[in-house]
Amino acid sequence: MASGQWRALAERFQLIYPPGGTPGAGRPGVLRAQVSCGHWVSAAGLQGWVRALLDQGVTSFRCPLCPDTPWLWQELCKLGLFSDEDQATLEAQILAQEGARGSYRQCPRCQHLVQRLDPGILRTPCLPCSQRAGGLFCFCWGCRTEWRDPSSHADSRCPLQAALHDAPKIQAPGSTVHGCPSLRACPRCHALLSHTTQGCPLVACPECGYCFCYRCLGLSGRHRPSCPIADPQLVCRGGDVVAPLSRGSPAGPSVIDWILGLWREGI
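All of these numbers come straight from a predicted model, not from anything done at the bench.

Draft legend 1. Broad picture of the overall build of the protein chain. Scanning the protein chain from terminus to terminus reveals seven helices and 14 strands. Put simply, the protein chain has 267 residues, and 44% of those count as buried.

Shown next, in the form of structure tokens:
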């Protein structure tokens, strides 16, 4: 979105107050909070701002008066300006946007959305959970399990998990695999494969020859034409692929230190 569009939306909602200043004279009882860039936002203004961007298909949020400054979703939620119902509605709207799943994950502890900090880092902090726990809580972006030590996320299955989770759905009306994830993992060898969208939903893994239904992930002999579509697969630690749903390098100190700073300052 161009800078002019950001500023036009800012003028429309009038939600920003100068850095270092106060929200000014306003209606008594209006809920406000200060974001990391120093500007003040009101609850109603912030919700209007987020909804306006989502209506345009934008899922990354920036300060409308300093558009080079990103506002992470977890930072906005930590301000406490959204009710639980509002947050759930907004997060459902975020996930409905095309491509959003590549930038957002549900925290395995609180189930709320966390926006990714760095595409090259698997260690992902959750600010609300850190606040409640009194210490930094992180999970693996790939396998969505609590981050305990780098060695537990050091093989290829976590990136595989991320690829399966982020795969868009097949859009081929009339195809037997319409609405299925565009990537599946072979239940036997974990090789990634996709469907041609032509013919029967049964597929044979090109690596090991294992046959299964691309829709329900069941064995070919148990396939039914109307079988349900299984969710993105989970590549579990035991090495098995199970329906309905793998690991990498630790986060760099600069990113984690920045998150720790946000948490300690109560942002």
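Picking up after the structure, the text goes on.
Draft legend 2. Representation of empty space enclosed by the protein in the model. By volume, the largest cavity amounts to about 40 Å³. Around the largest cavity sit Arg 116, Leu 117, Asp 118, Ile 121, Arg 123, Thr 124 and Pro 125, which together line it. For the lining of the largest cavity, the per-class residue count stands at three nonpolar, one polar and three charged.

Draft legend 3. View of the nonpolar core. One finds Leu 46, Val 50, Phe 61, Trp 71, Trp 73 and Leu 76 to be the most contacted residues of the largest nonpolar core, which totals 24 residues. For this core, the secondary-structure elements that each account for two or more residues are α2 (43-55), α3 (73-78) and α4 (84-95). In terms of residue count, α2 provides more of this core than any other element does, six residues in total. One finds Cys 180, Cys 186, Phe 212 and Ala 230 within the second-largest nonpolar core, a separate group that totals 14 residues.

Draft legend 4. Geometry of the state of the cysteines. This model, assessed by the stated rule, comprises zero disulfides. As a non-bridged cysteine, Cys 63 has Cys 66 as the owner of its nearest cysteine sulfur, 3.2 Å distant. Counting only cysteine sulfurs, Cys 213 is the nearest neighbor of Cys 227, a cysteine outside any disulfide, at a range of 3.5 Å.

Draft legend 5. Broad picture of the side chain of His 165. Along the chain, the position of His 165 falls in helix α6 (residues 157-166). Discounting chain neighbours no more than four positions away, the residues touching His 165 are Arg 101, Tyr 104, Arg 105 and Pro 232.

Draft legend 6. Structural context of unusual backbone geometry. Even without being a glycine, Gln 111 presents a positive backbone phi close to 70°. Along the chain, Gln 111 turns up in the loop between β5 (104-106) and β6 (113-115). Although it is not a glycine, Leu 217 adopts a positive phi angle of roughly 70°. Among the structural elements, Leu 217 can be located in the loop between β12 (211-213) and β13 (234-235).

Draft legend 7. Here's a closer look at α4. Over its 12 residues, α4 extends 17 Å from the first C-alpha to the last, a length consistent with the 16 Å expected when each residue adds 1.5 Å. Listed in full, the buried residues belonging to α4 are Gln 87, Leu 90, Glu 91 and Ile 94. All buried residues of α4 lie within an arc of 100° about the axis, which places them on one face of the element. Where α4 is buried, its residues touch α2, β3 (61-62), α3, β5 and β6.

Draft legend 8. Inspection of the packing of α2 against α4 at higher detail. Their axes nearest at 10 Å, the elements α2 and α4 cross at an angle of 20°. Between α2 and α4, the crossing angle belongs to the class labelled roughly parallel. Here the hand of the crossing between α2 and α4 comes out left-handed. Every residue of α4 that contacts α2 at Gln 47, Val 50, Arg 51, Leu 54 and Asp 55 is listed here: Asp 86, Thr 89, Leu 90, Gln 93 and Ile 94.

Draft legend 9. The environment of Cys 63, seen in detail. Inspection of the secondary structure assignment puts Cys 63 in the loop between β3 and β4 (70-71). Separated by 14 residues in the primary sequence, Cys 63 and Trp 49 have C-alpha atoms spaced 9.7 Å apart. Apart from residues no more than four positions distant in its own chain, Cys 63 is found in contact with Cys 37, His 39, Thr 69 and Trp 71.

Draft legend 10. Looking closely at α6. Counting buried positions along α6 yields seven of 10 residues, so the element is predominantly enclosed. Residues Arg 157, Cys 158, Leu 160, Gln 161, Ala 162, Leu 164 and His 165 constitute the buried set of α6.

Draft legend 11. Representation of the environment of Trp 73 in the model. When you line up the elements, Trp 73 lands in helix α3. Take Trp 73: its relative accessible area is 0%, and that puts it in the buried class. Put simply, Trp 73 and Arg 62 are 11 residues apart on the chain and 10.0 Å apart in space, counted from C-alpha to C-alpha. Residues within four places of Trp 73 in sequence aside, it is in contact with Val 50, Phe 61, Phe 82, Gln 87, Leu 90, Glu 91, Ile 94, Tyr 104, Leu 113 and Gln 115.

What counts as what
- Residues numbered from 1 in each chain as written.
- Predicted model: local features only at pLDDT ≥ 70, side-chain atom pairs only at ≥ 80, totals over all residues.
- Heavy atoms only, no water.
- Helix = DSSP H or I, 4+ residues; strand = E, 2+ residues; numbered from the N terminus.
- Buried < 20%, exposed > 50% of the residue type's maximum accessible area, 1.4 Å probe, protein only.
- 1 Å grid on protein atoms, 1.4 Å probe; cavity = no way out; pocket = protein on both sides within 12 Å on 5 of 7 lines; lining within 4 Å.
- Points joined across faces, edges and corners; volume = space filled by probe spheres on them.
- Nonpolar A, V, L, I, M, F, W, Y, C, P; charged D, E, K, R; others polar.
- Core = buried A, V, L, I, M, F, W, Y, C linked by side-chain atoms within 4.5 Å.
- Disulfide = S-S within 2.5 Å.
- Contact = heavy atoms within 4.5 Å.
- Expected span 1.5 Å × (residues − 1).
- Arc of directions from axis to C-beta.
- Axes fitted to C-alpha atoms, helices over the stretch in contact; angles between N-to-C directions.
- Parallel < 35°, antiparallel > 145°, perpendicular 65-115°, else oblique.
- Left-handed = near helix turned anticlockwise from the far one by under 90°.

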